[in-house]
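Chain by chain, the residues:
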Amino acid sequence: VRQRRAAGGGAAAVMVAGGGSSGLNAVAKASAKAGIAAPDGTLATLSDSDTSTTPWWKTAAMIALWYASNTTVLVLNKLLLSYHGFKFPVTLTMIHMACCTVLSYLLIVGLQVVPMQALASREHTKKVASLAAVFTLSVMAGNISLRYIPVSFSQAIGATTPAFTAGLAFLMAGTVEKRQTYYALIPVILGIVVATGFEPSFNGLGLAFALTATVGRGSKSVLQSILLSTPSMKLSSQCLLLYMAPMALGFMLPVALVMEGKALMEYDGLTFPMLMLLFVNGCAAYLVNLSNFLVTRYTSPLTLGVLGNAKGAFAVCVSVLVFHNRVTAVGMLGYAITLAGCALYSEMKRRDKAEVADVLPTTAVRGGEEEAKRLLAAAAGRS
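Conventions and cut-offs
Residues numbered from 1 in each chain as written. Predicted model: local features only at pLDDT ≥ 70, side-chain atom pairs only at ≥ 80, totals over all residues. Heavy atoms only, no water. pLDDT = per-residue confidence, 0-100. Helix = DSSP H or I, 4+ residues; strand = E, 2+ residues; numbered from the N terminus. Contact = heavy atoms within 4.5 Å. Phe/Tyr/Trp six-rings, centres within 6.5 Å; stacked < 30°, edge-to-face > 60°. Buried < 20%, exposed > 50% of the residue type's maximum accessible area, 1.4 Å probe, protein only. Salt bridge = Lys/Arg side-chain N within 4 Å of Asp/Glu carboxyl O.

On to the confidence of the model for the chain. With 77% of its residues at a pLDDT of 70 or more, the chain shows a mean pLDDT of 79. Within the chain, the lowest mean pLDDT, 33, falls on strand β2 (residues 12–15), and the highest, 94, falls on helix α3 (residues 89–110). Low pLDDT, under 50, characterises residues 1–41; the predicted model gives this stretch 72 contacts beyond four residues in sequence or across chains.

See below:
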């Protein structure tokens, strides 16, 4: 019997002459169950993860693209819906999904920048369609909310996504976190309560749609971990977007016809500058998903969580500068408390995963030793 410890990650394996590496297999199977949680419910998936090193300037460029595209979409959405008379949030969301469909197809099928992953079965297609329905509700509700509330308030509400995700994971999947992890969510909720109470541009309908969007993001994260849990059904975020975007278009078309069809036919503001603005907005919506995919691939989960929180704060600052909406010191303090709670929650989740990773090699070694003893005993019995 020989015991060897892998130099790269500390995963031990017990080797038996003529037998298998049961300890290493145990590590591999256990590690395959681990996932990377996106901090804000975006389309980050396990298969996006890559530990290869990247030059710092490339990583910085990816982060800058992520921040710029996210802020551009938010600002343009608000400009179109509240300042330029394009009061059709469902149609605007359909434009986003149409651009995501075309550009995803170009990137994956045309340029083959990202490997193509086919849907494995009809059941696989149904599960992706379920995710697309929740995804559609979330994005559409978020865009509708911008008709009634400023970008800064919308982003503050969106920062509570981790709290809703944790609660929905318990209700839908029975996932129980450590007590300290739940304690970290208290400032997330407390901060948004303070921010809401002192929001000068408060609107009940806007708040309802923003909360719907936040619950939708949390639900999509939980459903994705449940429905696409098997290795054969895991998809990269870009392939998942390729399949979900056209499905979302199909879901929204009847809604748009009923809610906005007549008013859109009578709308006379579709000038060339307006069409270009809509086109740029749709392309920026795709860049948000692409840049999130790249940042997820080349940074650690902790870094992604911190960047996700800072991204929201950056968007709030830009929106206040652009739209000059009034904010209060107490409201900003509430938002800061929420962001601090999100950072604390991300750190607690990171520690939980680190503890699990430390336990796996030891468990695998013990399992391998027991297997080795059993095989040796069996061999001695035969002799």
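The rest of the description comes next.
In this section: the packing of aromatic side chains. Scanning all chains against the criterion turns up eight aromatic pairs. With 5.4 Å between their ring centres and 80° between their planes, F88 and Y267 make a pair best called edge-to-face. Taken as a pair, F88 in the loop between α2 (56–83) and α3 and Y267 in the loop between α10 (237–266) and α11 (272–298) lie far apart in primary sequence, 179 residues in all. The two residues F88 and Y267 agree in class, both being buried. When the centroid spacing of 6.5 Å and the interplanar angle of 10° are considered together, the rings of Y148 and F209 count as stacked. Of this pair, Y148 sits in the loop between α4 (122–145) and α5 (151–158) while F209 sits in helix α9 (residues 204–227), placing them 61 residues apart in sequence. A relative accessible area of 30% places Y148 in the partly exposed class. Through a chain of ring-to-ring contacts, three or more aromatic side chains come together here, namely W66, Y67 and F314.

Structurally, N143 can be placed in helix α4. Beyond its immediate chain neighbours, meaning those up to four positions away, N143 contacts N77, L81, P89, T93 and H96.

This part covers the pattern of salt bridges. Applying the stated rule across the entire model yields one salt bridge. For E123, the salt bridge identified is with K127, shortest N-O distance 3.3 Å. With E123 and K127 both in helix α4, this residue pair falls four residues apart, about one helical turn.

What follows is about the environment of G269. Within the element layout of this structure, G269 appears in the loop between α10 and α11. On a C-alpha basis, the gap between G269 and G85 in space is 7.7 Å, while along the polypeptide they are 184 residues apart.

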